Amino acid sequence: MNKQEVSQCPCCQSEERFFENLVRELKEKKLLPEHIIHFDFQVREGIPLPPQSVAIQPAGTKLPFFKTAWDICCKCGCMYSVLVSLGEVAKTVEVVKLVLPNTQQRISKD
Ligand SMILES: [Zn+2]
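So, how was this worked out
- Residues numbered from 1 in each chain as written.
- Predicted model: local features only at pLDDT ≥ 70, side-chain atom pairs only at ≥ 80, totals over all residues.
- Helix = DSSP H or I, 4+ residues; strand = E, 2+ residues; numbered from the N terminus.
- Pairing = 2+ DSSP bridges.
- Axes fitted to C-alpha atoms, helices over the stretch in contact; angles between N-to-C directions.
- pLDDT = per-residue confidence, 0-100.
- Buried ≥ 20, exposed ≤ 12 C-beta atoms within 10 Å, placed from the backbone.
- Contact = placed C-beta atoms within 7 Å.

## Re the overall build of the protein chain
Helix and strand counts for the protein chain stand at two helices and four strands. Starting at the N terminus, the α and β elements of the protein chain follow one another as β-α-β-α-β-β.

Listed below in structure tokens is the structure:
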């Protein structure tokens, strides 16, 4: 796993980050679980391959896996990556979800 965490804003070197501060405040108020580091919308992660390429690989094949996260500098407003990570993940056997007739959830419009 090749992982790089950025601790300072690349523009002004401030270490104050908007969402990082917000997560800390919400944890202190017990509104977020302790294991949360970033909000979901800050994180992009996945296998950087077309689904067709992944589909033809046998289970157990090592595939590249990336994860990035961004935040906003509190001092200058610069948006920058606070985490860049590249590793591998083994392909697992896919579980096919069966949908039986007449069992679809009805969507309420209330
Ligand atoms: Zn900055």
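There's plenty left to go through after this.
## Re the sheet that holds strand β3 (residues 62-72)
Read from one edge to the other, the open sheet built from four strands follows the order β1-β4-β3-β2, with strand pairing classed as antiparallel. Every other strand in the sheet has two partners, leaving β1 (2-5) and β2 (43-46) as the edge strands with one partner each. On average, each strand axis in the sheet is inclined to that of its neighbour by 10°, with strand direction left out of account. Relative to β3, β2 is paired through four bridges, and the arrangement is antiparallel. The partner of V43 across the bridge, within β3, is A69.

## Some thoughts on the confidence of the model for the protein chain
Predicted confidence across the protein chain gives a mean pLDDT of 90, with 88% of residues reaching 70 or more. Averaged over each element, pLDDT in the protein chain is lowest for β1 (92) and highest for helix α1 (residues 18-28) (97).

## Here's the deal with unusual backbone geometry
One non-glycine residue, Q13, lies in positive phi territory at about 70°. Along the chain, Q13 turns up in the loop between β1 and α1. You can call Q13 exposed: it has 11 C-beta atoms within 10 Å. The phi angle at K30 is positive, at roughly 60°, despite the residue not being glycine.

## A closer look at the environment of F65
Counting through the fold element by element, F65 comes out in strand β3. Taking the C-alpha atoms as reference, F65 lies 9.3 Å from L49; in sequence the two are 16 residues apart. Apart from the residues lying within four places of it in its own chain, the contact partners of F65 are I47, G87, E88 and V89.

## Quick notes on the pairing of β3
Here eleven bridges tie β3 to strand β4 (residues 79-90), and the two strands are oriented antiparallel to one another. In the strand pairing of β4, I72 is matched with M79. Taking the residues that link successive antiparallel strands as the turn, the β3-β4 hairpin has six residues, and the phi of G77 there is positive, at about 85°.

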